[in-house]
Amino acid sequence: MISMDNKKRNRDEAATVTALVEISNAVNNTDDFGDLYASIYDSLLKILTVENIAVTLNPEDSELLKFPYVADEPGVIIEELINISKPQSLPARVVSAGKPMLFYEEDIAKISRETYKTASPSACKVVAGAPLKIKGRSMGALMVWSYRSKDAFKVSDLGF
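Just so it is clear, the model here is predicted, and its values are computed rather than measured.

J.: Can you tell me about the layout of surface pockets, naming the residues and giving the values?
T.: Within this model, the largest pocket holds a volume of roughly 1,200 Å³. Contributing to the lining of the largest pocket are 38 residues, with Leu20, Ile23, Leu44, Ala130 and Leu142 lying nearest its centre. Looking at the lining of the largest pocket, the elements that each hand over two or more residues are α1 (4–29), α2 (33–45), β1 (52–57), β5 (126–134) and β6 (137–146).

In structure tokens:
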């Protein structure tokens, strides 16, 4: 007999595979980056409660971190960041680390105190980020965050 936990796990795994296939198809068949980012967002909504999302890009040989796609709750403006080699921003930390990372409200506050800069949009309960890599080089990051729940994302959501 299959337990309810196993059934849910199987449904979750199937939904994740479906979302990954959708994202892969979008990457291979979409001609416009705006449409690609929106498609990725729509696919992630099927497997995560994604209130807010940003795609950040770091042009090669540049200290700029650009935000070509942001879907955020009203009232928060994300501007282009500079000097991403410095640890003040969460996307810069994800790009530099080259691995998925999870930041909780207390982590964000600590980073902000240490760097004397705002590490992320204010009042975030949790921020999750995954690097965007091409040929092993972190070219940017996909960032999602929640203002409402510190439990919106878990380490297991990052693929660990």
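J.: Account for α2, with residues named and values stated.
T.: With 13 residues, α2 should reach 18 Å at 1.5 Å per residue; the first-to-last C-alpha distance of 18 Å fits that figure. Among the residues making up α2, those that are buried are Leu36, Tyr37, Ile40, Tyr41, Ser43 and Leu44. Along α2, the residues classed as buried sweep out an arc of 165 degrees about the axis, all on the same side.

J.: Any details on the environment of Ile23? Residues and values, ideally.
T.: Within the secondary structure layout, Ile23 lies in helix α1. Assessed through its relative accessible area of 18%, Ile23 is described here as buried. Between the alpha carbons of Ile23 and Ser39 there is a distance of 7.0 Å; along the sequence they are 16 residues apart. Excluding residues within four positions of it along the chain, Ile23 makes contact with Ile40, Ser43 and Leu44.

The rules behind these values
Residues numbered from 1 in each chain as written. Predicted model: local features only at pLDDT ≥ 70, side-chain atom pairs only at ≥ 80, totals over all residues. Heavy atoms only, no water. 1 Å grid on protein atoms, 1.4 Å probe; cavity = no way out; pocket = protein on both sides within 12 Å on 5 of 7 lines; lining within 4 Å. Points joined across faces, edges and corners; volume = space filled by probe spheres on them. Helix = DSSP H or I, 4+ residues; strand = E, 2+ residues; numbered from the N terminus. Expected span 1.5 Å × (residues − 1). Buried < 20%, exposed > 50% of the residue type's maximum accessible area, 1.4 Å probe, protein only. Arc of directions from axis to C-beta. Contact = heavy atoms within 4.5 Å.

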